[in-house]
Each structure stands twice: as structure tokens, then as C-alpha cells.
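Here are the chains, one letter per residue:
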Amino acid sequence: MDSSHIAVRAARRSPSPAAVSQSTYGSLESIQDIHIRVDKDCGVGESTPLLSAAQRSTTAPSSLTASSSSTASSAGGPPVNPLHKDCFNWRSVGLLVMCASALALAAYLLWRQTQTPDFGYRLSLIGHDVWSDMDLQGRGTLLDPIRVYTVVFTHTEGSECHDDCPDILRKLERSHLGELPYNFMVAGDCQVFEARGWHYRSNFSRDLPGSDSLVTAFVGNFSDRPPIDCQLMAAQALILESLKRRILQQEYQLYVMGSNTEALQREVRHWPQYASHQTAK
């Protein structure tokens, strides 16, 4: 027989009489021993169809695996789902847009901060409801922030205060028979007290350079000497706060108005945006 075929050798062993007598219900020793030998180097032909099918079934997955591996290796990595790749790209673009927007906003805010002067003084502002017993609601014409291009400094021409400023201001308020005509007042304790505030127009004078102006009065009489340093710094901090709140426009002008304000004018005329001094009240 040729080596390309399966060789089957069947050997029958004649059972001995003793073995026959012992195999009452059938013994494994009575079964014929069949030995099948398959040569390793045998070929596949028409006489072995089962072996051919088995060989094809084992070689097909390996060829597919090899082809997919070669494709992945030639591409330089694992295969990428196109849909997943598109989603990944859109997420990257969205993240870059968000980062660029955040940087642009931060740069704009930093630029706006550099445009406003920094006088190096922290504002201490006392609200109107804290020191005054008068209700301010509906007692004036609303201030239009878009039209506020003027800052006016004057003085109360009365008593100064250092420790009892709320009491002095309440007396001053009663002497006017109503709300004080200023937007803010800078007292001798270096605090700023809100009168009409950023809400209502001042009726300090009909000769104001602009109808929508911020009028700040230094509490006391400063015809011979200017206010103390902390009062001047508090007034500068008030200007800065008005700019930050967008109540005062960047192109504002500064005026000193009122009678007997020469000492105040000599001090303020060196400030940025100073325009002129008007004595008429």
C-alpha cells in the first residue's frame, strides 16, 4: 500500500479457553483490537475527503487572521472605525474653540482692567440705608449710566467729622429739608457715604456740565486747605469703582464746582481727566 493512504492493521488474537470462560457478559479483552496509523507526511487526495475538509477549515481562519494582521501592520496600528474617528475629530475641534474663547475673554478683561486707573486705595462705601433714615425710592430722576461723562467735586461748607460722621450727615440732611443734593460724600473718617448714589441724578446745581453727572462732596469747608490725604484717595477710589461698574464712561472729565473751593481745586487740578474749575453755584 502506498504511503499516501491510511494503513489499517487488524489483528485478531485467539482467546484462550480460560478467557472465554471468564467473559460471561462480554469483556473488553474479547473486543477486537483495531490499530489505525496515519502517516504524517501523507498527502490529501480524493480518497481522503474528510481529511481535506478538516484541513481547509483549519487553514481558512489562519489565512484571514494573517491578512488582517498584515493590513493592520501596514497601516501602522489597529484598524480605526471611521465613525469613531469623526467623533474624535469634532470633539477636538470643540475643545480647541472653547479654549480659544476662554483665552480671548481673559485677554479682553485684562485689557479693560489696564484701561482703568488704579489709585492703590480700597474703597469703604457706606450705603444710604445704613446712615440715613430717609427713604430714597422714587425721590429723583434716574441716572443714565451711558450719559455719565462728568465727575464734579465740591464741599459741604459745614462742619467736618472724624468719629461721629453719621450724626453729622443726618443733621446736614435735616438742614436741607430733604435728601442731600450729592451722589456721594467723603467724610473725615476716610469713608464714602452714599446719598443719591449711582441711582439718581444730583440736583446740586443747574449749571452742571452734564445733566447726568456724579457729584461728590467733601464733608467740611476746604476753602483754605485741601482735604486730608485719605479723603482724596477715597475720592479717587470712588472714581475707579464707578468706572468698574460701567456707571462712569472712560472718557469722563473732572470739574471742581462751588464757592470757596480754591484749595480743593489746587489739589484736584493735577488729577487725570481734570477739565476746569467753576465757582458759580
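Residues numbered from 1 in each chain as written. Predicted model: local features only at pLDDT ≥ 70, side-chain atom pairs only at ≥ 80, totals over all residues. Heavy atoms only, no water.

What the UniProt record of the protein gives under Sequence similarities (unreviewed entry) is the line "Belongs to the N-acetylmuramoyl-L-alanine amidase 2 family." (UniProt positions renumbered as here; feature names shortened; annotations may be inferred.)

For the rest of this paragraph, the subject is the overall build of the protein. Scanning the protein for helices and strands turns up seven helices and nine strands. The burial tally for the protein puts 32% of its 281 residues in the buried class. Per element, the accessible surface of the protein, about 18,300 Å² overall, is 55% carbon and sulfur. (Helix = DSSP H or I, 4+ residues; strand = E, 2+ residues; numbered from the N terminus. Buried < 20%, exposed > 50% of the residue type's maximum accessible area, 1.4 Å probe, protein only. Areas by Shrake-Rupley, 256 points an atom, 1.4 Å probe, with all protein chains shown as cover.)

A word on the confidence of the model for the protein. Taken over all residues, the pLDDT of the protein has a mean of 74, while the share at 70 or more is 63%. Segment residues 1-31: pLDDT under 50, and 18 contacts once partners within four positions in sequence are set aside and those in other chains are kept. The low-confidence segment residues 60-75, where pLDDT is below 50, has two contacts with residues more than four positions distant or belonging to other chains. (pLDDT = per-residue confidence, 0-100. Contact = heavy atoms within 4.5 Å.)

Across soluble globular proteins, you tend to see nonpolar side chains buried next to one another. Counting 25 residues, the largest nonpolar core has Val151, Phe153, Phe218, Ile239, Leu248, Val268 and Trp271 as its most contacted members. Elements represented by at least two residues in this core include exactly β4 (150-155), β5 (184-186), β7 (213-218), α6 (229-244), β8 (253-257) and α7 (262-268). Excluding anything up to four places from it in sequence, Val268 contacts Phe153, Leu254, Val256 and Tyr274. In terms of nonpolar packing, the next biggest core, distinct from the first, is built from 21 residues, Cys161, Tyr182, Phe193 and Val215 among them. (Core = buried A, V, L, I, M, F, W, Y, C linked by side-chain atoms within 4.5 Å.)

We now examine the pattern of salt bridges. Counted according to the given criterion, the structure contains five salt bridges. Between Arg147 and Asp212 there is a salt bridge; the shortest N-O distance is 3.5 Å. Here the residue Arg147 occupies a position in the loop between α4 (128-131) and β4, and Asp212 occupies one in the loop between β6 (192-194) and β7, the gap between them amounting to 65 residues. Arg147 gets classed as partly exposed once you look at its relative accessible area, which sits at 47%. The residue Arg225 makes a salt bridge to Glu160 at a minimum N-O spacing of 2.3 Å. (Salt bridge = Lys/Arg side-chain N within 4 Å of Asp/Glu carboxyl O.)

As a further point, take the pairing of β8. Counting buried residues along β8, four of its five residues qualify, which places the element largely inside the surrounding structure. Sheet topology note: the β4/β8 ladder contains four bridges and is parallel. Among the inter-strand pairings, Val151 is bridged to a residue of β8, identified as Leu254. With four bridges connecting them, β8 and strand β9 (residues 274-278) associate as parallel partners. Counterpart to Tyr255 in the pairing with β9 is Ser276. Following the backbone out of β8, through α7 and into the adjacent parallel β9, one traces a crossover that is right-handed. (Pairing = 2+ DSSP bridges. Right-handed = clockwise from strand over helix to strand, strands pointing away.)

Before going further, it helps to spend a moment on the side chain of Gln231. Turning to its location among the elements, Gln231 is positioned in helix α6. Polar side-chain contacts of Gln231 include one of 3.2 Å to the backbone oxygen of Val186. If near-sequence neighbours (up to four positions away) are discounted, Gln231 is found in contact with Val186, Ala187, Gly188, Cys190, Phe218, Val219 and Phe222. (Polar contact = N/O pair within 3.5 Å; in protein donor to acceptor, adjacent residues only side chain to side chain.)

Here the focus is the state of the cysteines. What makes a disulfide is a covalent bond joining the sulfur atoms belonging to two cysteines. Applying the stated criterion across every chain yields a total of two disulfides. Between Cys161 and Cys165 runs a disulfide, and the two sulfur atoms are separated by 2.3 Å. Between Cys161 and Cys165 the sulfur-sulfur dihedral comes to about 100°; the bridge is accordingly right-handed. An identical accessibility class is assigned to Cys161 and Cys165; each is buried. A sulfur-sulfur separation of 1.5 Å characterises the disulfide bridge that pairs Cys190 with Cys230. Taking the sign of the S-S torsion, -60° for the link of Cys190 and Cys230, the bridge is left-handed. (Disulfide = S-S within 2.5 Å.)

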